[in-house]
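# Results of the structural survey
Each chain, written out:
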Amino acid sequence: MGSVIANALRSATTCMACIFFQPSLPAHAYDLPPVNLGLTGIMDGGAPAGPGWYFQQYIQHYGQGTLLDGNGDELQLPTEDFTFEKHKVEVTSALTQLVFQSDKPLLGGKWGVDFILPSVLNFDVDPDDSLALQANSGGLGDILIGPFIQWGPVMGPKGPRFMHRIEMEMIFPTGKYSDRYELNPGSNHFSFNPYWAGTYFLRPRWTTSWRLHYLWNDKNKDPSMRTRAAIQMSNSDLPVDDIRAGQAVHANLTSSYEVIPKRLRLGIGGYALRQITDTEVDGEDVKGRRERVYAVGPVGVYHFSQDTHLFLNAYHEFGTENRSEGDRFVLRVVHHF
């Protein structure tokens, strides 16, 4: 490739557009694996119906995901006819979750375990003749398993005041992956993503909820071929045998009001992510790759019964660096057996 294409590839080659897919690690940024951005929110601190089995099905669409650089500017990347255009990514994905909440005490709460199987239904890259960004076909993503402790609600004179949970979530590299592509359903590395979720009752019908995550990543020992080539163009001393994405913190935040008692809650939600350490290439820190994104939008839940619930969330992203910036829509069905 010529020097102009090399410069573009050094800027970026992939996009982490949603929780359900992992782009291969790129030349300049877009290193982090998929994480929970806005998938959960209202009443997140407690199980809605106590101990037992829960089934949850998510459908998510991420649209108009424009690739941005470290200054928040749109990237102009090369196409097959050697023109330079901004790139967008759209992804439709699904996530199937099984949760078991026991009634056995542990550390003052009740233990449980969480199992999640994500899948990519569709990738759409625009333009489709990009030289910098190639998408693998859809398929299964990385399995998530998390043991947790759920504490019962702290009661006040008018009902519950506070409830919370801690989960030790682990992401295993079981998903579909190939170094021929920058967008893959799987990440090709292990991640540890524990969180603390809580709900506080400001009033009996007005709540605020949060889920605070820390993210640690292991090495990807087989990064994409374009990533290897682009990094070597900028630093020939690095053979690019492996890449370790930096550590990050991310959070979901919501505030909601019970509009119809025991039926309908509406509110506003958002999420934030910041990478807090540099990505490593062959054990060496590489500057200028840290990711950041914020989002805000309406959220709601309809309770068909105490056992069945329908959540709808919509977000618009802003303040983004070294990631894609777009709109996210999430539908989630929860059923307690």
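Note: the structure precedes this text.
So, here's what we can say about the structure. (Residues numbered from 1 in each chain as written. Predicted model: local features only at pLDDT ≥ 70, side-chain atom pairs only at ≥ 80, totals over all residues. Heavy atoms only, no water.)

### Focus on the overall build of the protein chain
Applied cut-off: Numbering of helices and strands runs from the N terminus; a helix is a DSSP stretch of H or I covering at least four residues, while a strand is a stretch of E covering at least two. Put simply, the radius of gyration uses C-alpha atoms, and a globule should come to 2.2 Å times the residue count raised to 0.38. Remark: exposure states derive from per-residue accessible area (1.4 Å probe, protein chains only) relative to the maximum for the residue type, with buried under 20%, exposed over 50%, and partly exposed in between. Here, residues are in contact when the closest pair of their heavy atoms is within 4.5 Å. Residue burial considers only the protein chains on display, and all accessible areas are found by Shrake-Rupley using a 1.4 Å probe. Neither His nor the chain ends contribute to the count of charged residues, in which Lys and Arg are positive and Asp and Glu negative. Where a charge sits is defined by one atom per residue type, namely NZ (Lys), CZ (Arg), CG (Asp) or CD (Glu).
Within the protein chain, the regular secondary structure consists of two helices and 23 strands. Taken against the 2.2 N^0.38 rule, which gives 20 Å for 337 residues, the C-alpha radius of gyration of the protein chain at 20 Å falls within 12% of a compact globule. Over its C-alpha atoms, taken along the principal directions, the protein chain stretches across nearly 70 × 35 × 30 Å. Counting only residues that meet the buried cut, the protein chain has 51% of its 337 residues in that class. Once local pairs closer than 6 in sequence are excluded, the contacts in the protein chain between residues at least 24 apart make up 66%. Looking at the protein chain as shown, the accessible area adds up to about 14000 Å², and 60% of this sits on carbon and sulfur atoms. Taking the average place of the 29 positive charges on the side chains of the protein chain and the average place of its 37 negative ones, the gap between the two points comes to 12 Å.

### Details of the pairing of strand β14 (residues 206–217)
We apply this condition: Strand pairing follows a simple DSSP-based rule, namely that at least 2 bridges must link the two strands.
As paired elements, strand β12 (residues 191–192) and β14 share two bridges and run antiparallel to each other. When the sheet's bridge partners are listed, Ser191 is paired in β14 with Asn217. Hairpin connection between strand β13 (residues 195–203) and β14: a loop of two residues separates the two successive antiparallel strands. Pairing between β14 and strand β17 (residues 248–260): 10 bridges, direction antiparallel. Bridge pairing links Thr207 to Ser256 in β17.

### A look at a nonpolar patch on the surface
Worth spelling out the cut-off: The residues that make up patches have over 30% relative accessible area and no salt bridge, and they are joined within 9 Å when like-charged or within 5 Å when they are Val, Leu, Ile, Met, Phe, Trp or Tyr. For this analysis, a salt bridge means a side-chain nitrogen from Lys or Arg found within 4 Å of a carboxyl oxygen belonging to Asp or Glu.
On the surface, a cluster of nonpolar side chains totalling about 390 Å² of accessible area is made up of Ile59, Leu121, Leu312, Leu331 and Val333. Structurally, Leu121 can be placed in strand β6 (residues 109–126).

### What to know about the nonpolar core
A general tendency of soluble globular proteins is for nonpolar side chains to be buried together. The test is simple: Think of a nonpolar core as a cluster: buried Ala, Val, Leu, Ile, Met, Phe, Trp, Tyr and Cys residues, connected wherever their side-chain atoms sit within 4.5 Å.
Ranked by size, the top nonpolar core spans 20 residues in total, and within it Leu32, Leu37, Tyr271 and Leu273 carry the most contacts. Broken down by secondary-structure element, the contributors of at least two residues to this core are β18 (264–275), β21 (292–303) and β22 (308–321). Of the residues forming this core, the biggest block, four residues, is contributed by β21. If we skip the residues at most four places from it in the chain, Tyr271 touches Leu37, Gly38, Ala251, Asn252, Val293, Tyr294, Ala295, Tyr315, Glu317 and Arg328. Core analysis: the next-biggest nonpolar cluster, separate from the first, contains 12 residues, Leu75, Val91, Val120 and Phe123 among them.

### Some thoughts on the layout of surface pockets
Threshold: Of the grid points, spaced at 1 Å and generated over the protein atoms alone, those admitting a 1.4 Å probe that cannot get out make up cavities, while open sets with protein on both sides within 12 Å along at least five of seven lines make up pockets; any residue with an atom within 4 Å of a point is treated as lining. Grid points are joined across faces, edges and corners, and a volume is the space filled by probe spheres set on the points. Residues are sorted three ways: Asp, Glu, Lys and Arg are charged, Ala, Val, Leu, Ile, Met, Phe, Trp, Tyr, Cys and Pro are nonpolar, and all the rest, Gly among them, are polar.
Estimates place the volume of the largest pocket at around 1200 Å³. Around the largest pocket sit 48 residues that line it, and Met43, Gly46, Ala47, Pro48 and Met163 are the ones nearest its centre. Taken together, the residues of the lining of the largest pocket break down into 20 nonpolar, 16 polar and 12 charged.

### Section: the packing of aromatic side chains
In plain terms, the rule: The rule is short: rings of Phe, Tyr and Trp, with Trp giving its six-membered ring, pair when the centres are within 6.5 Å, and they are stacked under 30 degrees, edge-to-face over 60, tilted in between. Placement of a charge over a ring requires the Lys NZ or Arg CZ to be within 6 Å of the ring centre, with the centre-to-atom vector within 35 degrees of the ring normal.
Per the counting criterion, the structure on display carries eight aromatic pairs. Here the aromatic rings of Tyr271 and Tyr315 are separated by 5.1 Å at their centres, their planes lie at 65°, and the arrangement is edge-to-face. Of this pair, Tyr271 sits in strand β18 while Tyr315 is found in strand β22, placing the two residues 44 residues apart along the sequence. Of the two residues, Tyr271 and Tyr315, both sit in the buried class. Taken together, the ring pairs connect Trp53, Phe100 and Trp111 into an aromatic cluster. Seen from the ring of Tyr195, Arg211 lies directly overhead, with NZ or CZ sitting 4.2 Å from the centre. Above the face of the Phe311 ring, Arg332 is positioned so that its terminal group lies 3.9 Å from the ring centre.

### Describing the side chain of Asp242
Turning to its location among the elements, Asp242 is positioned in the loop between α2 (225–234) and β16 (243–244). The buried charged residue Asp242 lacks any salt bridge, with Lys219 as its nearest oppositely charged partner at 4.2 Å.

### Here's the deal with the environment of Gly50
Following the sequence through the fold, Gly50 ends up in the loop between β1 (22–23) and β2 (52–67). Sequence separation between Gly50 and Arg292 is 242 residues, and the spatial gap between their C-alpha atoms is 36 Å.

### A word on the environment of Phe148
For Phe148, the position within the fold is in strand β8 (residues 144–156). Between the C-alpha atoms of Phe148 and His164, which are 16 residues apart in sequence, the distance is 11 Å. Sequence-distant contacts of Phe148, that is, excluding residues within four places in its chain, are made with Val99, Phe100, Gln101, Lys110, Trp111, Gly112, Val113, Asp114, Arg165, Ile166 and Glu167.

### A look at the sheet that holds β16
Taken together, four strands build an open sheet; the order of strands is β15-β16-β19-β20 and the sheet is antiparallel. What marks the edges here is a single partner per strand, and that holds for β15 (219–220) and β20 (284–286). Here strand β19 (residues 279–281) pairs with β20 via three bridges, running antiparallel. Across the sheet, residue Thr279 finds its bridge partner in β20, namely Val286.

Remember, this is a structural readout, not a statement about activity or role.
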